[in-house]
Amino acid sequence: MANAGWGDFNMMGAIKREGKRILLSAIHKAQAKVERARVTAELGRYSTEVIKNEKPQKKKSVLFLVTRMVRFHGGQTSLLRLGTKLSEMGFEVGYAVYKPQDRREMERCAKSNLADFRGMLFTVKELDGMLSGKKRCADIVVASSWDTVSFAKKLPGYKMYFVQDYEPYFYPFGERFLLARKTYEQGLHMVSLGAWNKRMIKRECHPVSPIDVIDFPYEAAEYPYRERDFLSYREKKTLRLAVYLKYYGKRLPCIIPELLLQLKDLLAGEGITLLVEYFGEAKSFSAPGGKNLGMLDKEGLRKLYDRADFGMVASLSNISLVPYEMLSAGLPVIEFEDGTFAEFFPEGSATLTGLSAQELCQKILALLQEPTQLSLQLKRAHNYMDGLGWEKSAAQFAGIIRGL
């Protein structure tokens, strides 16, 4: 190429530009095709009908609808806890999936979330039998996510909607955002896990049915409190941060790693090494600046909380269960001021930060200088959490059913 003329260089540049254009066009078409297929599939299952809920003659049996059973899933763990407590109160409880999954796989996934769960598991074939009237359905049918609402509406029985998140926030503003939001306006009796979802629905939607609230609970016995010597934080030259990270945008999967890479450099300038341990997503998920431990079972989580100095969670929609677990174990929490933590916990229960690494660094350094603030944070958090649990929340849910 030493003897190449300007014409040759221009031709090479044109070839590269054309190649880039073709590649970008192919990527764009592939993305559009995937999104179109996804939305078309949702529309094929979606119902816009606004139902008129008839009060049930009987209130003995409850069927929860889920997409499919998934391992290490916080929302399904909560659903299984609720169903198990209702079963212990005398209700007949079942869980049905609308996507193909054999019963053995359903049971394996359910037990990974709650080993001693109670209730019957129903495959999609059995759900089809309920939809066709060939198989007995429950007195109360409970949708557990926006995509299960259309199935709930087709089943006999009183229709309810267990709202664990304001699910439109799972998506960028657009088609699926709209599909999710409209499910709150279709006549199902909603029960919100915590009051924040209810406030969002009443503010952003036009509900035509009741919205009740039960307390957001956690299981303190699974994450026993460990006393920490916070005064020793003044001398720490290495900080270990346990970070809950998921692929979903509400968990800041891109922002958090970039924030922590910057934080690592800032703390290094202060003579402090930052060790980051991510958890909550598959090990194949790339998380720069730290080690991805993958999806941990309860024993793995307890060990992580015990060895960490701080925990970090982004609860941008309804609050995550993870900060409850961390605080229960005595681990100080870092949350985001743009999220919902402050909607649940009293002021001063955790370190709230914006998206600035400099801001977070200054707050951490201040805590290392005055670590007694961490003891006060945990005291405030535990005072709030005292009395919360699935026994109480399930009793509230059962009271709503019995009061229909």
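Residues numbered from 1 in each chain as written. Predicted model: local features only at pLDDT ≥ 70, side-chain atom pairs only at ≥ 80, totals over all residues. Heavy atoms only, no water.

Peer 1: How would you explain the packing of helix 8 (residues 255–268) against helix 12 (residues 357–369) if you had to name every residue and give the values?
Peer 2: Where helix 8 meets helix 12, the closest approach of the two axes is 9 Å, and the angle between their N-to-C directions is 50°. With respect to helix 12, the axis of helix 8 lies oblique. Between helix 8 and helix 12 lies a crossing of right-handed hand. Judged by residue contacts, Leu259, Gln262, Leu263, Leu266 and Leu267 of helix 8 engage Ala357, Gln358, Leu360, Cys361, Ile364 and Leu365 from helix 12. Partitioning the contact of helix 8 with helix 12 into residue classes produces 9 nonpolar, 2 polar and no charged. (Axes fitted to C-alpha atoms, helices over the stretch in contact; angles between N-to-C directions. Helix = DSSP H or I, 4+ residues; strand = E, 2+ residues; numbered from the N terminus. Parallel < 35°, antiparallel > 145°, perpendicular 65-115°, else oblique. Left-handed = near helix turned anticlockwise from the far one by under 90°. Contact = heavy atoms within 4.5 Å. Nonpolar A, V, L, I, M, F, W, Y, C, P; charged D, E, K, R; others polar.)

Peer 1: Describe the environment of leucine 296, with residues and values.
Peer 2: Note on placement: leucine 296 falls in the loop between strand 10 (291–292) and helix 9 (298–307). Put simply, leucine 296 and phenylalanine 279 are 17 residues apart on the chain and 6.9 Å apart in space, counted from C-alpha to C-alpha. Excluding its chain neighbours within four sequence positions, the residues that come into contact with leucine 296 are Phe72, Phe279, Leu301 and Leu304.

Peer 1: Outline the sheet that holds strand 1 (residues 61–66), supporting the account with residue identities and numerical values.
Peer 2: Reading across the sheet, the 7 strands line up as 3-2-1-4-5-6-7 and stay open at both edges, with parallel pairing between neighbours. Both edges of this open sheet fall to strand 3 (120–122) and strand 7 (211–214), since each of them pairs with a single strand only. Neighbour to neighbour, the strand axes of the sheet diverge by 25° on average, direction disregarded. Two elements, strand 4 (residues 140–143) and strand 5 (residues 158–163), share 4 bridges in a ladder whose sense is parallel. For valine 141, the partnering residue across the bridge sits in strand 5 and is lysine 159. Each of strand 1, strand 4, strand 5, strand 6 (189–193) and strand 7 touches helix 14 (residues 390–402); the most contacted strand, strand 7, lies at about 155° to it. (Pairing = 2+ DSSP bridges.)

Peer 1: With reference to specific residues and values, describe the environment of glutamate 227.
Peer 2: With respect to the secondary-structure elements, glutamate 227 resides in the loop between strand 7 and strand 8 (238–244). The spacing of glutamate 227 and glycine 330 is 103 residues in sequence and 6.6 Å in space, taken between C-alpha atoms.

Peer 1: I'd like a description of the sheet that holds strand 8, backed by residues and values.
Peer 2: Spatially, 10-9-8-11-12-13 is the arrangement adopted by the 6 strands of the open sheet, whose pairing is parallel. Because the sheet does not close on itself, it has two edges, and the strands there are strand 10 and strand 13 (351–353). By the bridge criterion, 2 bridges tie strand 9 (residues 273–279) to strand 10 in an arrangement that is parallel. In the strand pairing of strand 10, glutamate 277 is matched with lysine 291. The sheet strands contacting helix 8 are strand 8, strand 9, strand 11 (310–312) and strand 12 (333–336), and the helix crosses strand 9 at an angle near 160°.

Peer 1: Tell me about the environment of arginine 176, and name the residues and values.
Peer 2: Residue placement: arginine 176 occurs in helix 6 (residues 175–182). For arginine 176, a relative accessible area of 18% gives the class buried. It is 28 Å that separates the C-alpha atoms of arginine 176 and serine 132, two residues lying 44 residues apart in sequence. Contact partners of arginine 176, with chain neighbours within four places excluded, come to Glu35, Arg38, Val39 and Tyr171. (Buried < 20%, exposed > 50% of the residue type's maximum accessible area, 1.4 Å probe, protein only.)

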